[in-house]
Amino acid sequence: MGYGSRREAQALIRAGRVTLDGAVIRDSGAETEGRQAAVDGKPVSLPGHTCIMLHKPAGLLTAARDREAPTVMDLLPPLCVKNGCMPVGRLDKDTTGLLLLTDDGVLGHRLISPKRHVDKVYRAELDTPLPPDAADRFREGIRLKDFTALPAELEVLSPGEARVTVWEGKYHQVKRMFAALGCRVVRLHRESFGPLRLDPHLAEGEYRTLTEEEIRLIRQAAGMEDKL
Ligand code: URA
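What counts, and where the lines are drawn
Residues numbered from 1 in each chain as written. Predicted model: local features only at pLDDT ≥ 70, side-chain atom pairs only at ≥ 80, totals over all residues. Heavy atoms only, no water. Helix = DSSP H or I, 4+ residues; strand = E, 2+ residues; numbered from the N terminus. Polar contact = N/O pair within 3.5 Å; in protein donor to acceptor, adjacent residues only side chain to side chain. Core = buried A, V, L, I, M, F, W, Y, C linked by side-chain atoms within 4.5 Å. Buried < 20%, exposed > 50% of the residue type's maximum accessible area, 1.4 Å probe, protein only. Domains from an automatic or database assignment. Contact = heavy atoms within 4.5 Å. Pairing = 2+ DSSP bridges. Salt bridge = Lys/Arg side-chain N within 4 Å of Asp/Glu carboxyl O. Buried area = accessible area lost by both parts, 1.4 Å probe.

Colleague: Go over the side chain of D199 with me, naming the residues and quoting the values.
Modeller: Note that D199 resides in the loop between β12 (196-197) and β13 (207-209). A distance of 2.7 Å separates a polar side-chain atom of D199 from the backbone nitrogen of H201.

This is how it looks when you write it as structure tokens:
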């Protein structure tokens, strides 16, 4: 709701600045459904839809559910899951970083539509140094077995580390693009998704709702700014 990360919200509660129906609460697990929450006396209005930024840790599947393996949904509060929050796109099991989740199906759908070309920025660590022409080859569009990737931007940070910006999101896309240059990705981390940057205050596994400004920006990226 724009009041900071979960940890910061807990600090607000401990400081006695949060009320439910006018009564100060000290328990961050207090039931809020049907009650009016306020911070410093200012009512917190719940939006029609929930939009969550999660710092995805490695080891979890990006899926609504899975019979055997733990998923990113296991990190979210049950109410969020019950209300139909879903990941927007996918990060591989071993990929970390910014994952957006929302119960706004239209927004989610538009953000991953290939027509929309929302940019995604990843930091990749590689098992071997990049060839000298790596940035040129990314810019030209790397030919893969089943498709040619759109031109991508590559910033070499060190011989075995790079920041890459892609405007599409096909299966294992970034890993496959590096593999075409003879490099294996040993660590992949998403730093941003469209106009959203991963909040540095979120540790792996932590999440927060988007601020009003972030919601405005992400809706704009989805071409929905006029549909509020
Ligand atoms: N590209 C990949 O190869 N993996 C991810 O998790 C995201 C983009």
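Colleague: Explain the nonpolar core residue by residue, including any values.
Modeller: In this structure, L76, L130, F138, L154, V164 and F178 are the most contacted members of the largest nonpolar core, which totals 35 residues. Among the secondary structure elements, those contributing two or more residues to this core are β5 (51-56), β7 (96-102), β8 (120-126), α4 (134-140), β10 (161-166), α5 (173-180) and β11 (185-193). Residue assignment places this core across two domains, with domain 2 (51-114 + 195-227) and domain 3 (120-193) each supplying three or more. Non-local contacts of L154, meaning those with residues more than four positions away in its chain, are made with L130, A134, A135, F138, A162, R163, V164 and F178.

Colleague: Let's hear about the pairing of β11: which residues, and what values?
Modeller: Counted residue by residue, β11 has seven buried out of nine residues, so it is predominantly covered. Strand direction decides the pairing type here: β7 and β11, joined by two bridges, are parallel. Across the sheet, T96 pairs through a bridge with H189, a residue of β11. Direction of pairing for β8 relative to β11: antiparallel, over a ladder of seven bridges. Note that in β11 the partner of A124 across the bridge is L188. Joining the antiparallel neighbours β11 and β12 is a turn of two residues, in which G194 adopts a positive phi near 55°.

Colleague: Please give an account of the pattern of salt bridges that cites residues and values.
Modeller: Taken as a whole and judged by the stated rule, the model has 16 salt bridges. R163 serves as the salt-bridge partner of E155, at 3.3 Å between the closest nitrogen and oxygen. Residue class for R163 comes out partly exposed when judged on its relative accessible area of 22%. The shortest N-O distance in the salt bridge between R208 and D199 comes to 2.7 Å. For the pair shown, R208 and D199 are each scored as buried. One salt-bridge network, in which partners are shared between bridges, spans R123, E155, E161, R163 and E191.

Colleague: Which residues make up the domain arrangement of the protein, and what values do they have?
Modeller: By the assigned domains, the protein splits into domain 1 (6-44), domain 2 (51-114 + 195-227) and domain 3 (120-193). Between the C-alpha centres of domain 2 and domain 3 there is a distance of 23 Å. Across the contact, 17 residues belong to domain 2 and 10 residues belong to domain 3. Across the domain 2 to domain 3 interface the summed buried area is about 1,200 Å²; carbon plus sulfur atoms make up 44%. In terms of surface lost to domain 3, no three residues of domain 2 exceed D92, T96 and L98, which account for 34% of the buried area on that side. Summed over the shared surface of domain 2 and domain 3, the number is two salt bridges. Joining domain 2 to domain 3, the criterion identifies 10 residue pairs in polar contact (both at pLDDT 80 or more).

Colleague: Describe in detail the pairing of β5, supporting the description with residues and values.
Modeller: Each regular strand carries side chains that alternate between the two faces of the sheet. The buried count for β5 comes to six of six residues, which makes it a mostly enclosed element. Burial along β5 is two-sided: the face carrying C51, M53 and H55 and the face carrying I52, L54 and K56 are both buried. Note that β5 and β7 share six bridges and pair antiparallel. If you follow C51 over to β7, its bridge partner there is T102. Sheet topology note: the β5/β13 ladder contains three bridges and is antiparallel. By the bridge assignment for β13, I52 is matched with T209.

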